[in-house]
Amino acid sequence: MNIDAVDRQLIQATQTGLPLVAQPYQAVAEQLGLSVEEVMQRLARMQQDGIIRRIAAVPNHYKLGYRYNGMTVWDVDDRQIDNLGPKVAELPFVSHCYQRPRHLPDWPYNLFAMVHGKTQQDAERQVAIISEVLGEHVGSRDVLYSSKILKKTGLRIGG
Amino acid sequence: MVMDSADKAIVNRLQQGFPICDSPFRRVAEELGLTESDLLARVQAMLDEGVLSRFGPMYHAEQMGGALTLAALKVPEPRFDEVAEIVNAFPEVAHNYARNHSLNMWFVLATENPEQISAVIGQIEAATGLTVYNMPKISEYYVGLQLEA
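Here the structure is a predicted model, which means the values were calculated and not measured. (Residues numbered from 1 in each chain as written. Chains lettered and ligands numbered in written order. Predicted model: local features only at pLDDT ≥ 70, side-chain atom pairs only at ≥ 80, totals over all residues. Heavy atoms only, no water.)

**Structural notes on the overall build of chain A**
Here comes step 1: Tallying secondary structure elements over chain A gives 5 helices and 5 strands in all.
Here comes step 2: Along chain A, helices and strands appear, N-terminal first, in the series α-α-α-β-β-α-β-β-α-β.
Here comes step 3: Computed over the C-alpha atoms, the radius of gyration of chain A is 20 Å, more than 25% above the 15 Å expected from 2.2 N^0.38 for a compact globule of 159 residues.
Here comes step 4: Overall, the C-alpha framework of chain A stretches about 60 × 35 × 25 Å when taken along its three principal axes.
Here comes step 5: Across the 159 residues that make up chain A, the buried fraction comes to 50%.
Here comes step 6: In chain A, 65% of the contacts between residues at least 6 apart in sequence involve partners at least 24 apart.
Here comes step 7: A total accessible area of about 7,300 Å² is found for chain A, and carbon and sulfur atoms account for 47% of it.
Here comes step 8: Measuring between centres, the 18 positive side-chain charges of chain A sit 7 Å from its 17 negative side-chain charges. (Helix = DSSP H or I, 4+ residues; strand = E, 2+ residues; numbered from the N terminus. Rg over C-alpha atoms; globule rule 2.2 N^0.38 Å. Buried < 20%, exposed > 50% of the residue type's maximum accessible area, 1.4 Å probe, protein only. Contact = heavy atoms within 4.5 Å. Areas by Shrake-Rupley, 256 points an atom, 1.4 Å probe, with all protein chains shown as cover. Lys, Arg positive; Asp, Glu negative; His and termini not counted. Charge placed at Lys NZ, Arg CZ, Asp CG, Glu CD.)

As structure tokens, this is what we get:
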């Protein structure tokens, strides 16, 4: 998957966001000295290739009332994780789900699943459902709630 | 700000994706029964108020040849704000969250190539004097919940 110099300019011009004007792609095109057709064509191609996950709004969880954003972490049997990971991931309230390396002895957890609740009870109910899915294949577990967003800028590439 | 039903509909709609066409705001406004100028003003207000953290293309680091990792620090409480400032100053730090654990600072690093991850981790360790726990993903099972406003 390759990006050329023009794609790169386009990424740099749009990675902090699209201009909030009626014709945002036209505005980007003028800024870069390209035609609007070329801008749209390149964005569509990058979206098709998965370089752009999607063009969308990213909400602040807290401002939407989701105050209990928990990173649930689990010590799952390595032989079962590729079977159980997708089952946890398909729960409707799980936003991200990854296998990551343990750091023994401080950090025994290898499965990470993010949950989001408007109340602590919501979040705890979600944790209980994940626990049920993992069943006997999980040892210790923990939930790390975020207490503060320190930075949320998204991806940046330099010039 | 207090979000009304139109704001909530906009947040829900714009999380799903935004069209690539000459007048994309007009197209979305028509779907939602709003005028183009009302939609633009509401999106601007929600960005200004921080209801939306951003609006635009979400680029995929690995697909561009780049790399991502999740990393954590055990920061002594008295140094928390100082260390947050040091970590946040790195442009490679895309997100950073305080969490309730002895590993109390969790951040995502995004770099243009995989080798830079370990270089940036080394720089963060040197700048903070703390050990970085690097937790790159081994498998990704799912990404993409949309939060209902």
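**As for the overall build of chain B**
Here comes step 1: Along the backbone of chain B there are 5 helices and 6 strands.
Here comes step 2: Ordering the α and β elements of chain B from the N terminus gives α-α-α-β-β-α-β-β-α-β-β.
Here comes step 3: On C-alpha atoms alone, chain B measures out to a radius of gyration of 19 Å, which is more than a quarter above the 15 Å that the 2.2 N^0.38 rule sets for 149 residues.
Here comes step 4: Counting only C-alpha atoms and orienting by the principal axes, one finds that chain B spans roughly 55 × 35 × 25 Å.
Here comes step 5: The buried share of chain B, reckoned over its 149 residues, is 52%.
Here comes step 6: In chain B, 60% of the contacts between residues at least 6 apart in sequence involve partners at least 24 apart.
Here comes step 7: When the accessible surface of chain B is summed, it comes to about 6,500 Å², and 50% of that surface belongs to carbon and sulfur atoms.
Here comes step 8: The distance from the centre of the 10 positive side-chain charges to the centre of the 20 negative ones in chain B is 5 Å.

**Regarding the nonpolar core**
Here comes step 1: Counting 40 residues, the largest nonpolar core has Tyr25 of chain A together with Phe18 of chain B as its most contacted members.
Here comes step 2: Listing elements by their share of this core, those giving two or more residues are helix H1 (5–14), helix H2 (24–32), helix H3 (36–48) and strand S1 (52–59) of chain A together with helix H1 (5–16), helix H2 (24–32), helix H3 (36–48) and strand S1 (52–59) of chain B.
Here comes step 3: The contact partners of phenylalanine 18 of chain B, leaving out residues within four places of it in the chain, are Leu18, Pro24, Tyr25 and Ile55 of chain A together with Pro24, Phe25, Val28 and Phe55 of chain B.
Here comes step 4: Judged by nonpolar contacts, the second largest core, of 22 residues, contains Tyr68, Val94, Ala123 and Leu134 of chain A. (Core = buried A, V, L, I, M, F, W, Y, C linked by side-chain atoms within 4.5 Å.)

**Description of the packing of H1 of chain B against H3 of chain B**
Residue and element names in this part refer to chain B.
Here comes step 1: Orientation of H1 relative to H3, taken along the N-to-C sense of each, is 85°, at an axis distance of 11 Å. Here H3 runs roughly perpendicular to H1, going by the angle between their axes. Judged by residue contacts, Ala6, Asp7, Ile10, Val11 and Leu14 of H1 engage Leu39, Arg42, Val43 and Met46 from H3.
Here comes step 2: The residue makeup of the contact of H1 with H3, split by class, is 7 nonpolar, no polar and 2 charged. (Axes fitted to C-alpha atoms, helices over the stretch in contact; angles between N-to-C directions. Parallel < 35°, antiparallel > 145°, perpendicular 65-115°, else oblique. Nonpolar A, V, L, I, M, F, W, Y, C, P; charged D, E, K, R; others polar.)

**Examining the UniProt feature "domain: Siroheme decarboxylase AsnC-like ligand binding" (unreviewed entry) in chain A**
Here comes step 1: In the numbering used here, UniProt assigns the feature "domain: Siroheme decarboxylase AsnC-like ligand binding" (unreviewed entry) to residues 63–151 of chain A.
Here comes step 2: Along residues 63–151 of chain A the backbone is 27% helical and 40% strand, and the end-to-end C-alpha distance reaches 15 Å. (UniProt positions renumbered as here; feature names shortened; annotations may be inferred.)

**Thoughts on the packing of aromatic side chains**
Here comes step 1: If you walk through the whole model with that rule in mind, you get 8 aromatic pairs over all chains.
Here comes step 2: Aromatic side chains tyrosine 68 of chain A and tyrosine 145 of chain A sit 6.2 Å apart centroid to centroid with 90° between the ring planes, which places their arrangement in the edge-to-face category. Pair noted here: tyrosine 68 of chain A is in strand S2 (residues 68–76) and tyrosine 145 of chain A is in strand S5 (residues 138–152), with a separation of 77 residues, a long-range link. Across the pair, tyrosine 145 of chain A and tyrosine 68 of chain A agree in class, each one buried.
Here comes step 3: Through a chain of ring-to-ring contacts, the aromatic side chains of Trp107, Tyr109 and Phe112 of chain A together with Trp106 of chain B assemble into a single cluster.
Here comes step 4: The lysine or arginine in question, arginine 100 of chain A, covers the ring of tyrosine 98 of chain A, its NZ or CZ lying 4.5 Å from the ring centre.
Here comes step 5: Geometry around phenylalanine 112 of chain A places arginine 100 of chain A over its ring, the cationic atom sitting 5.5 Å from the centre. (Phe/Tyr/Trp six-rings, centres within 6.5 Å; stacked < 30°, edge-to-face > 60°. Lys NZ or Arg CZ within 6 Å of the ring centre and 35° of its normal.)

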